[in-house]
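Secondary and tertiary structure notes
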Amino acid sequence: MSTNTDGSPPSTSSAAATTTRDWIFPSYSFVHSTHNIRRTPRRRRFSSYHPPPSQQFNSTAAASSTEDASNSFTTISPSYRPQSSEFRNYQKSTRLVAGRPDDPAPAPVRSNDAVSPETRSAYLEKTFSNFFRGGLRIRPRLAFSVSIVTTVLSSLLSKNFTLHKEVTQLQGQISKLNVRLKLCNLLDSTDIYNSTLHDVSLDPSKSLKIAALLVSIMLLVLPLFFLKYVDYISSSRRQIDNNSEEVSLNKQLAYRVDVFLSVTPYAKPLALLVATLLLICLGGLALFGVTDDSLADSLWLSWTYIADSGNHANSEGFGSRLVSVSISFGGMLIFAMMLGLVSDAISEKFDSLRKGRSEVVERDHTLILGWSDKLGSLLNQLAIANESLGGGTVVVMAEHDKEEMELDIGKMEFDFRGTSVICRSGSPLILADLKKVSVSKARAIVVLAEDGNADQSDARALRTVLSLTGVKEGLQAHIVVELSDLDNEVLVKLVGGDLVETVVAHDVIGRLMIQCARQPGLAQIWEDILGFENCEFYIKRWPQLDGMQFEDVLISFKEAIPCGVKVASSGGKIILNPDDSYVLQEGDEILVIAEDDDTYSPSDLPMVPGGNLPEHELIQKSFERILLCGWRRDMEDMITVLDASLAHGSELWMFNEVPENERERKLTDGGLEIDRLMNIILVHREGNAVIRRHLESLPLESFDSILILADESVEDSAIQADSRSLATLLLIRDIQAKRLPYREAMAYQTHRGSFSQGSWIGEMQQASDKSVIISEILDPRTKNLLSMSKISDYVLSNELVSMALAMVAEDRQINDVLEELFAEEGNELHIRAANLYIEEGEELSFYEILLRARQRREILIGYRLADTEKAVINPPAKDERKVWSLKDVFVVIAEKE
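The shown structure was predicted, so the numbers you read here are calculated from the model rather than taken from an experiment. (Residues numbered from 1 in each chain as written. Predicted model: local features only at pLDDT ≥ 70, side-chain atom pairs only at ≥ 80, totals over all residues. Heavy atoms only, no water.)

Okay, the side chain of Ser-484 next. Structurally, Ser-484 is set in the loop between β5 (478–483) and α17 (489–496). Discounting chain neighbours no more than four positions away, the residues touching Ser-484 are Ala-449, Ala-454, Ser-457, Asp-458, Val-504, His-506, Asp-507 and Arg-633. (Helix = DSSP H or I, 4+ residues; strand = E, 2+ residues; numbered from the N terminus. Contact = heavy atoms within 4.5 Å.)

Here's what the structure looks like:
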């Protein structure tokens, strides 16, 4: 067959020949058209079969047929000549096998009307932009375009994976078809068509795998679309009403997620679990779509990739490797989150233990609320009190860091004697923190006053009592509250009711300093009685003493000294120093001074001979001059007590930095009426107690007693207040020594320890014989300096208050005894001269002197010998007789004069 080389149409013979053949060739113009030249060369597949020379085509037709054969992914031998319609059906089936379903046929395009790639790209871009501009008007176009491109690429990628497998299968089928064509050149077209459809029929599982892959991709892309939709809704609402205060939808969703993670206890582990399950499911679906494994095996394989990121190394194939690597990356992220959660949980637990957030599981413990300088002395006294029980438990809760509290307690220089101290950080005003320290199971609760302003401290104590009374479980303990101002005591008792016992520290110390100034050595006696180291007060019932008079009860205990009776018929009222004729009734309890609650018991009545008091002249009160250095909040109370106890015409000098007109205003605001003072005359001097020239302006050598107070301006710092008091003491003693006449100094020379009389301490000791100085000390470490120098007596205010708090915490009934001993009326401790009870050189037992003191309506509790410096309270061997001196002194409980 030949063709026209000039480009004219083929001849009639050629057309006839063409009609006799089953092959249909494109026209000459179509073959030589430049629009039909494919830009990308396609791979040609050639058959091993060679047709006879008579059936060969010319070069142009052969090229066209070869190109068409390559476009259909197969090469048919020219010896096989099916009908045109059958051949088209075969090509259609081949396209179906290759995963290319027939779309609706577009309009025919002539060779000269081919559309360029640039025009087609612009058309598609315009179509997509018009569609999204009409459907969703989203401003961040770049993000939206990225999501569309991601979706398209994901779809193309999945289709590429599928087509790659189908091409491989088709290549095998083509090989089989070529073999068949070699064996039988002329077979029935129907049989060949049926066999081809049978060989290339689709496996039903293939469509399921494709669907699983598409679902996994759509689930990955769906959150992005959701977030963009939420952002679109929020932007639309803002555009509609710019003045609207409605919160945007994305902020609401973020808030809900934040609340869920914050409120739900196990929100983070739950979110991690859900993320792990989602990754397993998505990874399993993706693996099911790109591998030949079943769905169950794919899910298990996905979990192994998550649990161990190195398991994906054995994956084969591009799709399987891509999915396995993605799952491994997600698994590494999930396990990193899990490790972070576990690490945070462990750190939070250790942090809660370090900061004292865990709950205290104790019972019958002592609970201390607050932190102050008195805490060390209070813990020491509680440890001594619990020693006889083998130790106890003390829980301290304050608004301080737990580590700092434990460090400060560890620095305290005393032995805890088996007592455990547990610290917790929290506020006593919060019920949850109170529950954390087992407040309902404590046997005693101590509320410490804060350092600083008295009114603010008492107000906080009042709120603490309110919180304690609001505990739902109830309290089985009594509450001991330390107050700074006596005026606030009524409010606290009104709120707490019968549960509350108050100790007004400031007023107690002020009155105690006045007693010690007029009776040197009384401070040491109070330390012995209030502390648990020596003797203290105990109340116990002894049925064998019922019906006995109190006079006989006094000598019924060899290891204790009875001081009062708790009368059952009067509602448990404690009568201190009752009449000798009082007969004990059933239910009455005895108040004694003893070393411990298990060291005494009644015994048989000893035979004590009676005796009469020696005759002595009544000593009238004499004129006194007292100096107060410094200013306290309770100055008006101290002045009232001094006015009641001093002789008429006595002088009270007040030396401090407060201006005189302001002093009168403060005293008046405190309730003192200066014009109504009966016995004392106020003398005001203004100056600084640590400046020598200011002190030299005072007649220091003429004062009978000098009280150095912890000034109100520095009472918040114990060290600073003690330093100021020590400086004032040394300056006063030095000025007194310089002014003391030489002959008078020689008359008072006595040997004082190892100090020589020519030293400055010796001179101050000589001056101390002339006048009494009482210093208020806040830090217990400062007392060692004063006790060694012996130039002054002192009142350890913080330690005495801590002792009182400890005693009331152990037994709330003792508070009634202390209140009476420190009150303006009633009984108090006195130091009496020996000539009131004995004659010089008389030999008597302690019981005999005790009965003589009862003739003065006094209870003898101890003595101090002339050659000793420390008093003996509740002496042993009370029936042993000894020789006494008139220089000895006795300690008694007597009514105020």
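This next bit is on the sheet that holds strand β16 (residues 793–796). With parallel pairing, the six strands of this open sheet are ordered in space as β13-β12-β11-β14-β15-β16. Each edge of the sheet is formed by a strand with only one pairing partner; in this case those strands are β13 (680–686) and β16. Sheet twist, expressed as the average angle between the axes of neighbouring strands with direction ignored, equals 20°. Two strands pair when backbone bridges link them, and strand β15 (residues 772–777) and β16 are joined in this way by four bridges, in the parallel orientation. Bridge pairing links Ser-775 to Tyr-794 in β16. Most of the contacts of helix α22 (residues 660–669) go to β13, to which it runs at about 135°, and overall it touches β12 (650–656) and β13. Contacting β11 (625–629), β14 (705–708) and β15, helix α24 (residues 718–739) runs over the sheet at an angle of about 165° to β15. (Pairing = 2+ DSSP bridges. Axes fitted to C-alpha atoms, helices over the stretch in contact; angles between N-to-C directions.)

So, about empty space enclosed by the protein. Think of a ball as big as a water molecule: rolled over the atoms, this probe shows where empty space is left. Here the structure, examined in full by the defined rule, presents five cavities of 30 Å³ or more. Roughly 340 Å³ of volume is contained in the largest cavity. Considering the residues around the largest cavity, the lining is formed by 22 residues, among which Lys-374, His-506, Arg-633, Glu-715 and Asn-798 are closest to the centre. Residue composition of the lining of the largest cavity, grouped by class: seven nonpolar, five polar and ten charged. (1 Å grid on protein atoms, 1.4 Å probe; cavity = no way out; pocket = protein on both sides within 12 Å on 5 of 7 lines; lining within 4 Å. Points joined across faces, edges and corners; volume = space filled by probe spheres on them. Nonpolar A, V, L, I, M, F, W, Y, C, P; charged D, E, K, R; others polar.)

We now examine the sheet that holds strand β10 (residues 589–594). An order of β7-β10-β8-β9 is seen for the four strands of this open sheet, with the pairing classed as antiparallel. Single-partner strands in this sheet number two, and they are β7 (536–540) and β9 (573–576). This sheet shows a mean twist of 30° between the axes of neighbouring strands, independent of strand direction. Note: strand β8 (residues 560–567) against β10, six bridges, orientation antiparallel. Paired with Lys-566 across the bridge in β10 is Glu-589.

Once that is clear, we can look at the pairing of strand β3 (residues 420–425). Across six bridges, strand β2 (residues 393–398) lies against β3 in parallel orientation. Paired with Met-397 across the strands is Arg-424, a residue of β3. Following the backbone out of β2, through helix α14 (residues 402–410) and into the adjacent parallel β3, one traces a crossover that is right-handed. (Right-handed = clockwise from strand over helix to strand, strands pointing away.)

Here we come to the packing of helix α18 (residues 505–518) against helix α21 (residues 635–645). At a minimum axis distance of 9 Å, the contact between α18 and α21 shows a crossing angle of 35°. The chirality of how α18 crosses α21 is right-handed. Residue-level inspection shows Asp-507, Gly-510, Arg-511, Ile-514 and Arg-518 of α18 in contact with α21, the latter providing Asp-637, Met-638, Val-641, Leu-642 and Ser-645. Counted by class, the contact of α18 with α21 contains four nonpolar, two polar and four charged residues. (Left-handed = near helix turned anticlockwise from the far one by under 90°.)

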